[in-house]
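The lines below spell out each chain.
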6 protein chains.
Amino acid sequence: MSSVYMNEMTWQEFNEKKCQVIILPVGSTEQHSFHLPLSTDSVIAEKISEIFAEKIGGAVAPTFTYGYKSKPMSGGGPLFPGTIDLNGETLIRLACDVLEELCRDGVTKIFVNNAHFENEAFLLEAIDLISQKYPNVKILESNWWDVLSQDIIDKVFSDVLFPGWALEHAAITETSLMMYLAPELVREDKIPTETGVTPIPYHKYPIVKGMVPESGALASAKGSSAEKGKIIVDAAVAEFVKIAAENY
Amino acid sequence: MSSVYMNEMTWQEFNEKKCQVIILPVGSTEQHSFHLPLSTDSVIAEKISEIFAEKIGGAVAPTFTYGYKSKPMSGGGPLFPGTIDLNGETLIRLACDVLEELCRDGVTKIFVNNAHFENEAFLLEAIDLISQKYPNVKILESNWWDVLSQDIIDKVFSDVLFPGWALEHAAITETSLMMYLAPELVREDKIPTETGVTPIPYHKYPIVKGMVPESGALASAKGSSAEKGKIIVDAAVAEFVKIAAENY
Amino acid sequence: MSSVYMNEMTWQEFNEKKCQVIILPVGSTEQHSFHLPLSTDSVIAEKISEIFAEKIGGAVAPTFTYGYKSKPMSGGGPLFPGTIDLNGETLIRLACDVLEELCRDGVTKIFVNNAHFENEAFLLEAIDLISQKYPNVKILESNWWDVLSQDIIDKVFSDVLFPGWALEHAAITETSLMMYLAPELVREDKIPTETGVTPIPYHKYPIVKGMVPESGALASAKGSSAEKGKIIVDAAVAEFVKIAAENY
Amino acid sequence: MSSVYMNEMTWQEFNEKKCQVIILPVGSTEQHSFHLPLSTDSVIAEKISEIFAEKIGGAVAPTFTYGYKSKPMSGGGPLFPGTIDLNGETLIRLACDVLEELCRDGVTKIFVNNAHFENEAFLLEAIDLISQKYPNVKILESNWWDVLSQDIIDKVFSDVLFPGWALEHAAITETSLMMYLAPELVREDKIPTETGVTPIPYHKYPIVKGMVPESGALASAKGSSAEKGKIIVDAAVAEFVKIAAENY
Amino acid sequence: MSSVYMNEMTWQEFNEKKCQVIILPVGSTEQHSFHLPLSTDSVIAEKISEIFAEKIGGAVAPTFTYGYKSKPMSGGGPLFPGTIDLNGETLIRLACDVLEELCRDGVTKIFVNNAHFENEAFLLEAIDLISQKYPNVKILESNWWDVLSQDIIDKVFSDVLFPGWALEHAAITETSLMMYLAPELVREDKIPTETGVTPIPYHKYPIVKGMVPESGALASAKGSSAEKGKIIVDAAVAEFVKIAAENY
Amino acid sequence: MSSVYMNEMTWQEFNEKKCQVIILPVGSTEQHSFHLPLSTDSVIAEKISEIFAEKIGGAVAPTFTYGYKSKPMSGGGPLFPGTIDLNGETLIRLACDVLEELCRDGVTKIFVNNAHFENEAFLLEAIDLISQKYPNVKILESNWWDVLSQDIIDKVFSDVLFPGWALEHAAITETSLMMYLAPELVREDKIPTETGVTPIPYHKYPIVKGMVPESGALASAKGSSAEKGKIIVDAAVAEFVKIAAENY
């Protein structure tokens, strides 16, 4: 067996991997419109981590399949059934414990690969707390969208308008990624046709029904394709590899 | 698609399932000797939940792949590389958040299926806290070993001695379960031959090397088989179905 | 004065004891049927600790008289008036603080003597956390029931059936212990005659009235005697002495 | 049996008491000079509660025998062996849990009787938090020193100078109280002769050796007597009874 | 007196304001290069809140002058003397308490005006938690940069290149704002001439010296002016007024 | 610029101050009768700190403008609009974070200047926790009232009766201090004429309306003057200077 998944390794196999980069995928359980599964972020985080690990000889820790709270303007919000949100303190503690245990096992290179935007501040808080205790461990955190160059974005949005990252929820990039990485989980016939939302430059509470379209999609997924997914994955992984080379 | 996994459902599909029993598998990332993967408890929890869900028309929430601290006398302890332990407060909060979110989504029947012994007290603490807030939600918690009758235990241990549940770590029952549920993850040729440990009726700190055999197995796995795994799974699921019928 | 109770010592007297084993009794405030007081677990923990301390020249720290939540199937549950339950996090923190203060005082041998089953996971969590900070302090945790040999159990249950440890709440062992250790607190005439409960291999929430017999006893206490109490105490203390000899 | 101690009651006996005032004594485990035991505050809290309960037909909940951190200028500080200090958050949570459980049992009149000065702010924080959840429960908090009239103080200090309450640690009032309430625990021959400390109007950290006299006493206990102890107890209990009459 | 500052009101004056919008400015204590004070974010948050309050008849709650951790790529990081960072959980709790107290006072319209980017996720977590308890209170959160239209950004950066918001730390926008709002606190002669940093699309730990320019500025402040500051303030306040009108 | 306020310094200016005493003023947002603003404690803490800093060449950290819960018998309680109370744990954490960050910046002399009585126990808990981690940092805590000699008190109360410190809320000392330190914030014409409250030697929950006079003042402010304020400030600062000289 030669899986990159820590989950599938025995402790002896992991022991041989622990001087390599350990990648921690972080996703969510969150509504992704009519056509994508609740695990969309988790699947994207895990599959990109797998490809990344293969390129650099790393290993992939068990994916966080629950993430921080979905927000209306970036994830559709908590009111859709199936969106299971963690509180901020919970995610901080969960990430702290897992990172600390990796440090105690002797791991010195960790890459946190986040695919759910709302997680980031809480993951970084955990990384900061652990980093103060284990200053010899190099911990990087990134995601597939921040590393994309304008060039790649232009390619993916050659035929449709880019609505901005905040609204790219269950839209072209995520749908294309899923069509490439896990096509069996995409219901293409269910892609909603309704138009997306207009972003607002503020946050509004209480969160109530009607803030986002009924489908839960924040922008149209029409025009998605496995090819576009591949473009994104290839570009993101190439960047991750470069970041790893420069930092570890 | 007709998966029982919530992860693979869209929010609309989950919405239709939410009046059914939602099963939450809880495992760990923990050493399981030379021959079983770190995910052993998680795989067992998830696969048995899948079979159980199919029988009762339920759905399976994303598995907790990280669990409470491995103890030397029931899991080999924290010193093996790859054993990733959560603190007690972290697991309590994680379980609270996920259970509360299910309750808020309108779920009223939850079954927590635990496959890592050390988790139990912390899961029950979380269930108790949530149950006080949502008294109309019925939450059950069980595991595959406590529901086995003496008859079944006798069948599984017809040819070898039963060392007691505490020592059944990476031993005959878990190995047989994995041979039946996920044979591709079992390294049969790596099953250690060394003899197991003698249980002690107390807990001892600090935890140091040498408290358990080098392999991490607490009792012998020799004599394991997929057939024995099937006997356990069938019996456990039958009991779970009965418990569900009596309580929801 | 030559009490083994830390409570009765001046700080100078304690100072001379601190290189010895310090025993921390942990009990509860919990219903114990019609015939035993709310302090049953605390009294048992404390009195056995006293005898143990006398044998080994140790000292007994102030008893924890409040413990973790009573569960229906092992303690009758929270619905009986007078059962005062601590949350899990509270007990963890309480035990952490007391253990840490003992460590700071220079104590290096601690024995946590628990007499309320539900406490154990939370006590061990606290011990684990403190043990990581004070690796030079040896901390053991045990209880009177886990150290009893089959021989002793057979003697105690020579004339009645042993219902299993979970149901031994306010039943023969605890009643006998109280008849031996604190006879003035036993209302023998109030021992209920009703039959006990059938254990179930799962946990069930919300906790409601009627899960356990009206008395709060989980098994019959008929047949209890001070003699049986003495057998248990003598055996448990002998084991504790042996454990101490082997580990400190 | 007709003890006022909840600890000695069965759940049925407590059930009959729960409409009465439930008194919660709060003490500490803290050095009290050469001549008084570590349990001084706990013993005083408990014994005065007992007398108070007898007068008003109330019941006494199990005493908190561990309290908040001893401070150099009011308790001698944490550096004496045997002083076991709880952190602030721990005491808040402990008091919250116990008070909440009493409220859930249907108790509506609670009197927290504190005998360790440093506890007060944390006890009041807990009472405030619980009081917001259970506004129908009347909770009072007091202590034996704040209720003494100038008259009583003058009587107790008729022959020696009153050094102020802060320095009355292991001095005349506490020693007299113990001589009256638990004479068997007082080592009269060990009362130190050294002079007390001069109070400073600020707090100073880190806490180091030498801030207080070697004995741990902050003022002289010479001139203590059981008679003075009786004067204090009688006056304090009379005030408590009056407070109870006016408020419940 | 007719200040909009709650701080300067008596409780009676505040009582008359509490049906209006209460604005909570949130800043930080963070290095802002050689030429701006540590209070830059707090001053900007407070002064803009003041102008906003005057426009809508609202009141300004006491400013949070300590904020969440400065990050190297958006604030220069924690290693500069004078940067005083709060942990995530601390800021969540602080914001929860203050918001809850406003809700309890009967306030129903709250506007959280944040001027330190790193605060946002933790403020929103607090708002979310409080909003679940007080669903009738409308809470908005925004900041001066997200509400600026492209038009305004173009005006401000008519003569220099816009480096992106992340790098706008102690650069043209903040310096211009301070020159307009608190000119006495700007050391114009100290504006550093060194070139800014190149942003990286990932986060890197441990945080070490040398990640940012010696001055602490992430982009050049050359070209700042009070006029530009006024343009930003006027535009931001106009947007805040519009948001308030649409939502309360 | 040569302000003593850290807030107005650049990081370089603070860097040069950090070997001096850093003073942390702690106040509250709390009702202070009809005539004083909600910020009374914060203003007093800050202004006295400023004068103190000028005398010793120290610097003043940003004032805590939110404090611990107002109590009826020392601050009028939480029921007045505009009283914004922090929970105990929140204040502990806030103070811990700020103190720790000062320690990390290399500060070794800290003086916490508290002007809201109710804060003290929680500030000392934070100081204790930080002091255990940074034993080389000298941290003092005091307040303006505890350092006043009987002489000074006699001068201030030469023409009226001193009601005791607990009731000196919005009364002569605080009003005089504000008339001296921030006269523009005092509404002298609004000083209430009603008589004060009678102190009670216990705490009473739930807190309800009517426990204190309608104005919120606990004793009369008639007879206050800027001159009396100056007497107090001069005396308190002189004592602080002496304490600093003796301890750092």
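These lines cover the structure that appears in this document, whether it is placed above or below. (Residues numbered from 1 in each chain as written. Chains lettered and ligands numbered in written order. Predicted model: local features only at pLDDT ≥ 70, side-chain atom pairs only at ≥ 80, totals over all residues. Heavy atoms only, no water.)

## Overview of the overall build of chain A
Across its full length, chain A holds eight helices and seven strands. Here the C-alpha atoms of chain A give a radius of gyration of 18 Å, agreeing with the 18 Å that 2.2 N^0.38 yields for 248 residues. Among the 248 residues that make up chain A, the fraction classed as buried is 67%. For chain A, the share of sequence-separated contacts (at least 6 apart) that also reach a separation of at least 24 residues comes to 78%. (Helix = DSSP H or I, 4+ residues; strand = E, 2+ residues; numbered from the N terminus. Rg over C-alpha atoms; globule rule 2.2 N^0.38 Å. Buried < 20%, exposed > 50% of the residue type's maximum accessible area, 1.4 Å probe, protein only. Contact = heavy atoms within 4.5 Å.)

## What to know about the pattern of salt bridges
Residues and elements named next belong to chain A. Evaluation of the coordinates by the stated rule reveals 66 salt bridges over all chains. Linking E239 and K242 is a salt bridge whose minimum nitrogen-to-oxygen distance equals 3.7 Å. With E239 and K242 both in helix 8 (residues 226-247) and three residues apart, the pair spans about one turn of that helix. Judged by its relative accessible area of 45%, K242 is partly exposed. (Salt bridge = Lys/Arg side-chain N within 4 Å of Asp/Glu carboxyl O.)

## Notes on unusual backbone geometry
Cis geometry marks the peptide bond from D:Y205 to D:P206; its omega dihedral reads 0°. By the element assignment, D:P206 lies in the loop between strand 7 (203-205) and helix 8 (226-247). In this structure, D:A170 is a non-glycine residue whose phi angle is positive, near 60°. When you line up the elements, D:A170 lands in the loop between helix 6 (150-156) and helix 7 (172-181). For D:A170, a relative accessible area of 0% gives the class buried. You will see that F:S33, though not glycine, has its phi angle at about 70°, which is positive. By secondary structure assignment, the location of F:S33 is in the loop between strand 1 (22-26) and helix 2 (40-56).

## Remarks on the interface of chain A and chain B
On the side of chain B, 51 residues touch chain A, which itself brings 51 residues to the contact. Summing both sides of the interface, chain A and chain B together bury roughly 4,300 Å²; the carbon and sulfur share of this comes to 58%. For the chain A face of the interface with chain B, the top three residues by lost area are A:W11, A:Y66 and A:P81, together amounting to 17%. Viewed at the interface, chain B and chain A are joined by four salt bridges. Where B:R93 meets A:E89, a salt bridge forms, and the shortest distance between an N and an O atom there is 3.0 Å. At the surface where chain A touches chain B, the tally comes to 22 residue pairs in polar contact (both at pLDDT 80 or more). (Buried area = accessible area lost by both parts, 1.4 Å probe. Polar contact = N/O pair within 3.5 Å; in protein donor to acceptor, adjacent residues only side chain to side chain.)

## Looking at the sheet that holds strand 5 (residues 109-114) of chain E
Whether parallel or antiparallel, the strands of a sheet pair through hydrogen bonds between backbone atoms. An order of 7(A)-6(E)-5(E)-1(E)-2(E) is seen for the five strands of this open sheet, with the pairing classed as mixed. Each of the sheet's edge strands pairs with one partner strand only, and the pair in question is strand 7 (203-205) of chain A together with strand 2 (59-60) of chain E. Of the pairings in the sheet, the one linking strand 5 of chain E to strand 6 (residues 138-143) of chain E comprises six bridges and is parallel in character. Bridging across to strand 6 of chain E, E:V112 finds its partner in E:E141. Each of strand 1 (22-26), strand 2 and strand 5 of chain E is contacted by helix 2 (residues 40-56) of chain E, which is oriented at about 165° to strand 1 of chain E, the strand it contacts most. (Pairing = 2+ DSSP bridges. Axes fitted to C-alpha atoms, helices over the stretch in contact; angles between N-to-C directions.)

## As for the packing of helix 7 (residues 172-181) of chain F against helix 8 (residues 226-247) of chain F
Residue and element names in this part refer to chain F. Relative to each other, helix 7 and helix 8 sit at 95°, their axes nearing to 7 Å. Between helix 7 and helix 8, the interaxial angle falls into the category roughly perpendicular. Contacts between helix 7 and helix 8 involve I172, T173, S176, L177, M179, Y180 and L181 from the former and A226, K228, G229, K230, I232, V233 and D234 from the latter. Here the residues of the contact of helix 7 with helix 8 are counted per class, giving eight nonpolar, three polar and three charged. (Parallel < 35°, antiparallel > 145°, perpendicular 65-115°, else oblique. Nonpolar A, V, L, I, M, F, W, Y, C, P; charged D, E, K, R; others polar.)

## Focus: the environment of B:M9
Inspection of the secondary structure puts B:M9 in the segment before helix 1 (11-17). In the structure, B:M9 is positioned 49 residues away from B:G58 in sequence and 13 Å away in space, judged by C-alpha atoms. Look past the residues within four positions of B:M9 in its chain and what remains in contact with it is A:L36, A:P37, A:L38, A:R187, B:S3, B:V4, B:F14, B:K17 and B:A59.

## Overview of the relation of the copies chain A and chain B
The two copies are related by a screw motion: chain A maps onto chain B through a turn of 180° and a shift of 0.0 Å along the axis, at an RMSD of 0.0 Å. Taken together, the rotation angle and the small translation identify this as a two-fold axis. When each C-alpha of chain A is compared by its distance to the rotation axis, A:T90 comes out closest, at 3.3 Å. (Least-squares fit on C-alpha atoms with pLDDT ≥ 70 in both.)

## Focus on the arrangement of the chains
A gap remains between chain A and chain D, with no contact made and the closest C-alpha atoms lying 17 Å from each other. At no point do chain C and chain E touch; the closest pair of C-alpha atoms across them sits 17 Å apart.

## Section: the sheet that holds strand 5 (residues 109-114) of chain D
Reading across from one edge, 2(D)-1(D)-5(D)-6(D)-7(F) is the order of the five strands in this open sheet, with mixed pairing throughout. The outermost strands of the open sheet, each flanked by one partner alone, are strand 2 (59-60) of chain D together with strand 7 (203-205) of chain F. Where strand 1 (residues 22-26) of chain D lies against strand 2 of chain D, two bridges are found, and the strand directions are parallel. Paired with D:I23 across the strands is D:V60, a residue of strand 2 of chain D.

## Some points on the environment of A:Y134
Residue and element names in this part refer to chain A. Assignment of secondary structure puts Y134 in the loop between helix 5 (120-133) and strand 6 (138-143). Between the C-alpha atoms of Y134 and D151, which are 17 residues apart in sequence, the distance is 38 Å. Filtering out sequence-adjacent residues up to four positions away, Y134 remains in contact with E100, C103 and R104.

## With respect to the side chain of A:H32
All names here are of chain A. Turning to its location among the elements, H32 is positioned in the loop between strand 1 (22-26) and helix 2 (40-56). A residue is classified by how much of its surface remains accessible, and H32, at 0% relative accessible area, is buried. Side-chain polar atoms of H32 contact the side chain of E174, separated by 3.1 Å.

## As for the pairing of strand 1 (residues 22-26) of chain B
All names here are of chain B. The element strand 1 is largely enclosed, with a buried count of five among its five residues. Burial of the side chains of strand 1 extends over both faces: I22, L24 and V26 are buried on one face and I23 and P25 on the other. When strand 1 meets strand 5 (residues 109-114), the two strands line up parallel, connected through five bridges. Paired with I22 across the strands is I110, a residue of strand 5.

## Observations concerning the state of the cysteines
Within the structure shown, the criterion is met by zero disulfides over all chains. The cysteine C:C19 is free of any disulfide, with C:C103 supplying the nearest cysteine sulfur at 15 Å. Residue class for C:C19 comes out partly exposed when judged on its relative accessible area of 47%. No disulfide involves D:C103; its sulfur sits 10 Å from the nearest other cysteine sulfur, which is in D:C96. Residue classification places D:C103 among the buried residues on the basis of a relative accessible area of 9%. (Disulfide = S-S within 2.5 Å.)

## Some points on the packing of helix 2 (residues 40-56) of chain D against helix 7 of chain D
Residues and elements named next belong to chain D. Where helix 2 contacts helix 7, the axes come no closer than 10 Å and their chain directions differ by 55°. Taken together, the axes of helix 2 and helix 7 lie oblique to each other. Here the hand of the crossing between helix 2 and helix 7 comes out left-handed. When helix 2 is examined against helix 7, the residues T40, D41, V43, I44, K47, I48 and I51 are found in contact with a partner set consisting of E174, L177, M178 and L181. In terms of residue class, the contact of helix 2 with helix 7 is made up of seven nonpolar, one polar and three charged. (Left-handed = near helix turned anticlockwise from the far one by under 90°.)

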